[in-house]
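Residues per chain, in single letters:
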Amino acid sequence: MKTFTPTPKDIKREWFVVDAQEQILGRLAACIAHRLRGKHKPEFAPHMDNGDFIIVVNCEKIRVTGNKLAAKKYYRHSGYVGGLKETSLEKLLATRPHLALMHAVKGMLPKNRLGRAMLKKLRVYAGAEHPHAAQSPQQLTFQ
């Protein structure tokens, strides 16, 4: 018996909507990364992108545990001397809440062009509405 290796024609992608209200940031990001990667499917292959599309709504109502709102920092650098900028999670959630979830999911995906392709299948919205009704996404809940 030969080992089954999926090809691009074997990939069947679906659309799912996840409500992030009162969900914990890290646990939600881990479940989303698992779905984006396609590890929930029996035909999973680590060298292929066979995951689903995920739409996340209400990401401004996401929760964190402990003292992470004040203590967790996000860093970026402008490329110039002294150009290191830092932002706390509390300020990031107040101004651009979708970036906190995107950053968490990105850290859980492969660090190569395959991971970047998987991240493009994630759509995050701060409010309760999204413009992807034409894809008829199914509701997805994580415990």
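Described in the following lines is the structure provided in the data block. (Residues numbered from 1 in each chain as written. Predicted model: local features only at pLDDT ≥ 70, side-chain atom pairs only at ≥ 80, totals over all residues. Heavy atoms only, no water.)

**Some words on the sheet that holds strand β2 (residues 53-57)**
So, step 1. The 4 strands lie next to each other as β5-β2-β1-β6, forming an open sheet whose pairing is parallel. Strand pairing shows two members of the sheet lacking a second neighbour, β5 (122-124) and β6 (138-140), which therefore form its edges. Taken pair by pair, the neighbouring strands of this sheet meet at an average axis angle of 25°, ignoring direction.
So, step 2. Note that strand β1 (residues 15-19) and β2 share 5 bridges and pair parallel. Bridge assignment links Asp 19 to a residue of β2, and that residue is Val 57.
So, step 3. Its contacts with the sheet place helix α1 (residues 25-37) against β1, β2, β5 and β6, and it is angled at close to 155° to β2.
So, step 4. In this fold helix α4 (residues 97-106) packs onto β2 and β5, with an angle of close to 155° to the strand it touches most, β5. (Pairing = 2+ DSSP bridges. Helix = DSSP H or I, 4+ residues; strand = E, 2+ residues; numbered from the N terminus. Axes fitted to C-alpha atoms, helices over the stretch in contact; angles between N-to-C directions. Contact = heavy atoms within 4.5 Å.)

**Notes on a positive patch on the surface**
So, step 1. Among the surface-exposed residues, Arg 76, Lys 85, Lys 91 and Arg 96 lie close enough to one another that they form a single positively charged patch.
So, step 2. Tracing the backbone shows Lys 91 in helix α3 (residues 89-95).
So, step 3. Lys 91 gets classed as exposed once you look at its relative accessible area, which sits at 54%. (Patch = residues over 30% accessible without salt bridge, like charges linked within 9 Å, V, L, I, M, F, W, Y side chains within 5 Å. Areas by Shrake-Rupley, 256 points an atom, 1.4 Å probe, with all protein chains shown as cover. Salt bridge = Lys/Arg side-chain N within 4 Å of Asp/Glu carboxyl O. Lys, Arg positive; Asp, Glu negative; His and termini not counted. Charge placed at Lys NZ, Arg CZ, Asp CG, Glu CD. Buried < 20%, exposed > 50% of the residue type's maximum accessible area, 1.4 Å probe, protein only.)

**As for α1**
So, step 1. Here α1 contains 13 residues, and its C-alpha end-to-end distance of 18 Å stays within 8% of the 18 Å for a straight helix at 1.5 Å per residue.
So, step 2. Among all positions in α1, only Leu 25, Leu 28, Ala 29, Ile 32, Ala 33, Arg 35, Leu 36 and Arg 37 are buried.
So, step 3. Directly after α1, the chain includes Gly 38, whose backbone phi takes a positive value near 90°. (Expected span 1.5 Å × (residues − 1).)

**With respect to the pattern of salt bridges**
So, step 1. A complete count under the given rule lists 5 salt bridges for this structure.
So, step 2. Put simply, Glu 14 and Lys 12 hold a salt bridge, and the shortest N to O gap is 3.0 Å.
So, step 3. Residue Lys 12 is classed as exposed on the basis of its relative accessible area of 55%.
So, step 4. Notably, a salt bridge pairs Asp 49 with Arg 13, separated by 3.7 Å at the nearest N-O pair. Remark: Arg 13 occurs in the segment before β1 and Asp 49 occurs in the loop between α1 and β2; sequence separation between them is 36 residues.
So, step 5. Among the residues examined, Arg 13 registers a relative accessible area of 35% and is labelled partly exposed.
So, step 6. Look at the salt bridges and you will find they share partners, linking Arg 13, Asp 49 and Lys 121 into a network.

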